[in-house]
Every structure is written in structure tokens, then in C-alpha cells.
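# Geometric and topological summary
Here are the chains, one letter per residue:
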Amino acid sequence: MNRLELPERVLVRDTLASLHVCLPEDVGAPARLLAVQCALRAGAGGRLALPAGLLRGMRLGSTLTPWCELEDAHWLMRLTASAGPVWVQLLSHHGPHAARHQRVRAADWALRTAREYGADDYDPNTALMALTLAACRSPHAAQRPAEREVLSRARGLTPVELTRAVSHLRAGSLADQ
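Residues numbered from 1 in each chain as written. Predicted model: local features only at pLDDT ≥ 70, side-chain atom pairs only at ≥ 80, totals over all residues. Heavy atoms only, no water.

## Let's talk about the pattern of salt bridges
Under the counting rule described, the total for this entry stands at 3 salt bridges. A salt bridge links Glu8 to Arg105; its shortest N-O distance comes to 2.8 Å. Taken as a pair, Glu8 in helix α1 (residues 7–22) and Arg105 in helix α5 (residues 100–116) lie far apart in primary sequence, 97 residues in all. Among the salt bridges present, the one from Glu71 reaches Arg78, with a minimum N-O distance of 3.0 Å. When its relative accessible area of 22% is taken as the criterion, Glu71 is described as partly exposed. Residue classification places Arg78 among the partly exposed residues on the basis of a relative accessible area of 23%. (Salt bridge = Lys/Arg side-chain N within 4 Å of Asp/Glu carboxyl O. Helix = DSSP H or I, 4+ residues; strand = E, 2+ residues; numbered from the N terminus. Buried < 20%, exposed > 50% of the residue type's maximum accessible area, 1.4 Å probe, protein only.)

## Here's the deal with the nonpolar core
Ranked by size, the top nonpolar core spans 43 residues in total, and within it Val12, Leu34, Leu70, Trp75 and Leu131 carry the most contacts. Where this core is concerned, the elements lending two or more residues are α1, α2 (29–41), β1 (47–50), α3 (52–57), α4 (65–72), β3 (86–90), α5 and α6 (124–136). No other element matches the 9 residues that α2 contributes to this core. Residues contacting Val12, with those up to four places away along its chain left out, are Leu40, Ala106, Trp109, Ala110, Leu131 and Ala135. (Core = buried A, V, L, I, M, F, W, Y, C linked by side-chain atoms within 4.5 Å. Contact = heavy atoms within 4.5 Å.)

## Here's the deal with α2
Because each turn of an α-helix spans 3.6 residues, side chains separated by three or four positions end up pointing in the same direction. Taking 1.5 Å per residue as the helical rise, α2 with its 13 residues ought to reach 18 Å, and the 18 Å between its terminal C-alpha atoms agrees with that figure. Most of α2 is tucked away: 12 of the 13 residues are buried. Among all positions of α2, only Ala29, Ala31, Arg32, Leu33, Leu34, Ala35, Val36, Gln37, Cys38, Ala39, Leu40 and Arg41 are buried. (Expected span 1.5 Å × (residues − 1).)

## Details of a nonpolar patch on the surface
Together, Met77, Leu79, Trp87 and Leu91 make up an exposed nonpolar region whose accessible area comes to about 370 Å². For Leu79, the location among the structural elements is in the loop between β2 (76–78) and β3. The exposure class of Leu79 is partly exposed, given its relative accessible area of 35%. (Patch = residues over 30% accessible without salt bridge, like charges linked within 9 Å, V, L, I, M, F, W, Y side chains within 5 Å. Areas by Shrake-Rupley, 256 points an atom, 1.4 Å probe, with all protein chains shown as cover.)

## Quick look at the confidence of the model for the protein
Chain-level statistics for the protein give a pLDDT mean of 77 and a share of 67% at 70 or above. pLDDT under 50 marks residues 173–177. Its contacts with residues more than four places away, or in other chains, come to 15 contacts. (pLDDT = per-residue confidence, 0-100.)

## Considerations on the packing of α1 against α2
How two helices pack is summed up by the angle between their axes together with the distance between the axes. Viewed as axis vectors pointing N to C, α1 and α2 meet at an angle of 120°, and their least axial separation amounts to 10 Å. Relative to α2, α1 is oriented oblique. The crossing of α1 and α2 is right-handed. Of the residues in α2, those in contact with Leu11, Val12, Thr15, Leu16 and Leu19 of α1 are Arg32, Ala35, Val36, Ala39 and Leu40. A per-class count over the contact of α1 with α2 returns 8 nonpolar, 1 polar and 1 charged. (Axes fitted to C-alpha atoms, helices over the stretch in contact; angles between N-to-C directions. Parallel < 35°, antiparallel > 145°, perpendicular 65-115°, else oblique. Left-handed = near helix turned anticlockwise from the far one by under 90°. Nonpolar A, V, L, I, M, F, W, Y, C, P; charged D, E, K, R; others polar.)

## A closer look at the sheet that holds β1
Overall, antiparallel pairing links the 3 strands, which are arranged β1-β3-β2 in an open sheet. For this open sheet the edge positions go to β1 and β2, each flanked by a neighbour on one side alone. In this sheet, adjacent strand axes meet at a mean angle of 30° when their direction is disregarded. Summarising the sheet, β1 and β3 pair through 4 bridges and their orientation is antiparallel. Note on β3: the bridge partner recorded for Arg47 is Gln89. Those strands touched by α2 are β1, β2 and β3, and its axis lies near 125° from that of β1. Against the sheet, α4 touches β1, β2 and β3, its axis set at about 130° to β2. (Pairing = 2+ DSSP bridges.)

The following block contains the structure:
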């Protein structure tokens with residue numbers, strides 16, 4: 001790890017890479033953003049509670065599709081579906097590789113980074129691309145055709161969605177991250 005690199009960025013990058021391997025390519029951006037939060041916030045046994053406020057902040061308060069996609073992929077199981085926190089058990093969890101407080105900080109960094117791009121008209125595809133590029137520290141990674149194909153597949157975006165997301169990000173200030 002580069003000494004100037006944020007530990008949060010490294011944890012998010014490693015989590016995204018792990019999810020690329022664990023999740024089918026048809027899992028959408030909202031589910032992938034949810035999976036990042038779950039993976040980073042889970043305890044040693046893979047269990048966690050996601051507060052209702054966090055889900056509202058991710059615009060997932062009442063949306064069931066991301067949950068269903070992750071359950072269909074046999075990646076997690078919802079233990080509760082109440083109005084309060086949602087208790088989850090990760091089914092594909094290999095335990096924490098960093099201290100819990102570091103992973104929670106990384107989850108918060110991921111949430112802020114994803115929300116920063118498209119805060120007014122939140123688009124999960126753009127948010128996931130912003131998070132991916134920020135974690136990789138490469139806002140220009142999607143300019144080369146081979147990398148564009150890899151990024152679009154790994155992040156659950158079609159090439160058209162990827163191009164739109166990168167264009168939207170260029171309008172922002174991702175390079176300043």
C-alpha cells in the first residue's frame with residue numbers, strides 16, 4: 001500500500017474486488033452498493049444490523065430489489081424486515097481482515113463517496129462507478145476500451161451505462177478526490 005493511500009480506500013477497493021468474484025454479473029448497482037456496506041459493516045460471524053437511516057440515505061428504505069438480488073445470489077439472508085434496523089446474515093463471508101472500526105470508517109467513506117456524485121438525482125450506476133474509480137484512484141481508467149469492458153462487467157453496468165456514468169463523473173470533480 002502506498003503510504004499516502006487512505007486505508008479506507010484500500011478496504012473499499014478490496015471489498016469491491018471480492019464482490020466482483022462473489023456476485024453474479026447481473027446483480028445491479030443498488031445491490032452492489034448495499035453489498036459493499038454489508039461486507040464492511042459485518043461482524044466476525046457475518047451478522048450485522050443496517051439502521052433504517054443508512055438505508056434511507058442509500059435510497060433503499062423501501063426498495064426490495066437489491067435485497068432480493070443478493071438473496072438470489074445466495075450472498076446474504078435478511079433476518080428481519082421491520083421498520084427499524086434490518087438484521088442480515090452474510091452467507092458468503094470470510095471474516096474481517098481489518099479491525100471493525102477501520103471497516104466501519106471505510107463503509108462511511110464509501111457511502112460519502114457514492115453519494116457525492118448525484119446527490120440531487122441519485123443514480124446508483126453513477127454512484128457505484130464513482131466509488132469504484134475513487135477506490136482505484138483512477139478517474140481515467142474507463143477511457144481505454146479493454147478497461148471499459150472490465151469495469152462495466154465488474155460493476156454490473158452495460159457499456160452504455162458505463163459511458164453515461166463516466167461522463168457524469170467527469171462533469172464532477174472525481175479527479176480531486
